[in-house]
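Residues per chain are reported as follows:
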Amino acid sequence: MMMKPKQLATLLLLQASALSNALVEPNAEKIGTVAEREFVDPAVSAVSSPVSIAMASLPALMGVANMDVPQVDNPFGPSGTSINDGLGLGSASQSGKKISVDARSGIPAFVDLVKPIMPGDGVGNSLTWSVGALHLHDDDPHGPPQTHKEIQDIALVAVENWFHENDGYLGIDSRSQLFQQGRTRMAVHGSTGEMVQLSAQRTFKGLAVKGSRATATIKKGNLINIGLEQWGEIDEDFDVEPSITADEAIEAVADHAGREVIEGKLDCKSELVILSMVKGLQDATTTTTTSTKIPKVKNDFFSKLRGQLPARVGSDAEDEAETEDEAFGSENNKQDSSAVNEYYDYMLVWKVCPVFVGQQQEMMEAYVNAHTSQVYSFVDTVDYFNNARGSVYPTSNDGEGADGSLQADWPMPYMYVGSQTTTTGGNYEGPGSMTATYRGPYVDMVDNCGTDSLTQSGGINWGGSGGTDCTTPGFGGAGNTHSSRSGFYELNKIMEIARSRLPNNSWLQGRLRSNMNINNSCNAYWNGSINFYREGNGCGNTGEIAAIFDHEWGHGMDRYDVTSGIADP
């Protein structure tokens, strides 16, 4: 039987998808779990890194005098009308500081403004409840709201109407793509609603556009900012009818994971969504799209801002191509255009959360192309919380009181654990087995008793023991000594304090080497690194005393401060 071209194309796409999924390298930190083949397509992960341009810099990019002239073919509103006037932002010089444009779409990503939309005490707000509030458009005037719920309802109507009235300037269609019932989240702050925050999920033909939303903040009755996240143009002919079922999408995920699913058991409701992606205008991506058509640009502003467009498939390809010189003006006005040689693309996908045989605490979520079965994302959505800790001497090793005694389970701050770095509280995320050493971005402990390394699951606990010098708990290596644990904690903490006071000091951003348990006694010194001796001749181990750590580190701070040498000797 001869296969039809469409059937052959579909088969090739499925085979390419299967091959691509098979090449995903297992996550070394999750080997043996259902999440070992966790991954996110680069075209999907790039969306979370926004690329915005301050409107004040656009004239130079485009080679025009300012953004308040008709020759720019006003990007967001009717021809001959400036965005500054339309949104009430004042002159171009003022508005340039208030608007950031999404370089991937040319649509405003963020706008600062002062626009009264409901009665309040904000600057320039003269609206009153007794005569009704602007944008509410009700026949009956409103009295002051009595509850947070009333404030929320009124604020929602006010924001919704503001967006509807300004769609032309923003370059969006809020009437069909925002404020769908059940898709808006709000919070009211203060007893009288001094501040209201809103986040509205973007939808297209009834489907959620993942990662794309509008935000707004009202303060004392004034709309003070709005945002549009990951907002590109979706073609009206975008197909929202899937070619595969949710069950077929789950089968694709099972093939990707190489594991058997438990039939009928899901961790979330399967649903169709539109997935936001980023594609380079000049660079090939790893994804397979359902269409080779580059999204249409609305006007010259968008095409200039986004840089050189590739030729579209079809007879109009030559008409839409531009050179980089044309897009960015003269040589003197050119800036690095790599950031804007990207655009948003959208794919219809199934969101599915199958449960696998042998699955434990993981909750796997996947996004699968609803036409080709390509898996774009397969991640464990559980937020894991673990901690690196150990026993340290808080102040000294003299045995006097709690400060002089070994304290268990103190955090190991800024320590490398697997591919992560712990927080100031020793915390890190991720399940599975992890390996840690007494090393991080700021401190490296080098112990003359031996090397240190500890691999554990469910957190890192270096433990503690009696004794001194080279005594260890019996695990974590010969370098897991009291002085390495105590020094790693104390040095990281004092350096953290110093960075908060001297954020631009380059020495504090580097890694300090600390040599522990040198085979000598009764001293410590600085020579570019810091060095500590063992117990002996009536002296305790100098690497188990916080004041001595701070003193020797202080020599380095003095050496690399603005005025060095003031603390000699």
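Below you will find a few notes about this structure. All values derive from a computational prediction rather than experimental measurement.

**Brief notes about the pairing of strand 20 (residues 433-436)**
- With burial as the criterion, only one face of strand 20 is covered, namely that bearing Met 434 and Ala 436; the residues Ser 433 and Thr 435 on the opposite face remain uncovered.
- Bridge analysis of strand 20 against strand 22 (residues 454-457) gives four bridges, and the strand direction is antiparallel. Bridging from a neighbouring strand, Met 434 pairs with Gln 456 of strand 22.

**Topic: the sheet that holds strand 21 (residues 443-447)**
- An order of 21-24-26-25 is seen for the four strands of this open sheet, with the pairing classed as mixed. At either end of the open sheet lies a strand with only one pairing partner, and these are strand 21 and strand 25 (524-526). Looking at each pair of strands side by side, their axes are set apart by 20° on average, direction ignored.
- Where strand 21 and strand 24 (residues 512-521) come together, five bridges link them in parallel fashion. Across the sheet, residue Val 443 finds its bridge partner in strand 24, namely Leu 512.
- Each of strand 24, strand 25 and strand 26 (530-534) touches helix 14 (residues 546-559); the most contacted strand, strand 25, lies at about 15° to it.

**Quick notes on the side chain of Glu 362**
- By the secondary structure assignment, Glu 362 is in the loop between strand 12 (354-356) and strand 13 (364-369).
- A distance of 2.9 Å separates the side chain of Glu 362 from the backbone nitrogen of Gln 360, its partner in a polar contact.
- Filtering out sequence-adjacent residues up to four positions away, Glu 362 remains in contact with Thr 33, Val 34, Asp 267, Asp 380, Val 382 and Tyr 384.

**Focus on the pattern of salt bridges**
- Summed over the entire model, instances satisfying the criterion amount to nine salt bridges.
- Notably, a salt bridge pairs Glu 229 with Arg 213, separated by 2.9 Å at the nearest N-O pair. Of this pair, Glu 229 sits in strand 8 (residues 222-229) while Arg 213 sits in strand 7 (residues 207-219), and the two are 16 residues apart along the sequence.
- Classification of Arg 213 by relative accessible area gives partly exposed; the value is 31%.
- The salt bridge involving Lys 351 is made with Glu 365; its shortest N-O contact spans 3.7 Å. With a gap of 14 residues between them, Lys 351 in strand 11 (residues 342-352) and Glu 365 in strand 13 connect regions that are remote in the sequence. The pair Lys 351 / Glu 365 is uniform in exposure class, with both members buried.
- When salt bridges with common partners are traced through the structure, they connect Glu 271, Lys 351 and Glu 365 into a single cluster.

Cut-offs used in this document
Residues numbered from 1 in each chain as written. Predicted model: local features only at pLDDT ≥ 70, side-chain atom pairs only at ≥ 80, totals over all residues. Heavy atoms only, no water. Buried < 20%, exposed > 50% of the residue type's maximum accessible area, 1.4 Å probe, protein only. Helix = DSSP H or I, 4+ residues; strand = E, 2+ residues; numbered from the N terminus. Pairing = 2+ DSSP bridges. Axes fitted to C-alpha atoms, helices over the stretch in contact; angles between N-to-C directions. Contact = heavy atoms within 4.5 Å. Polar contact = N/O pair within 3.5 Å; in protein donor to acceptor, adjacent residues only side chain to side chain. Salt bridge = Lys/Arg side-chain N within 4 Å of Asp/Glu carboxyl O.

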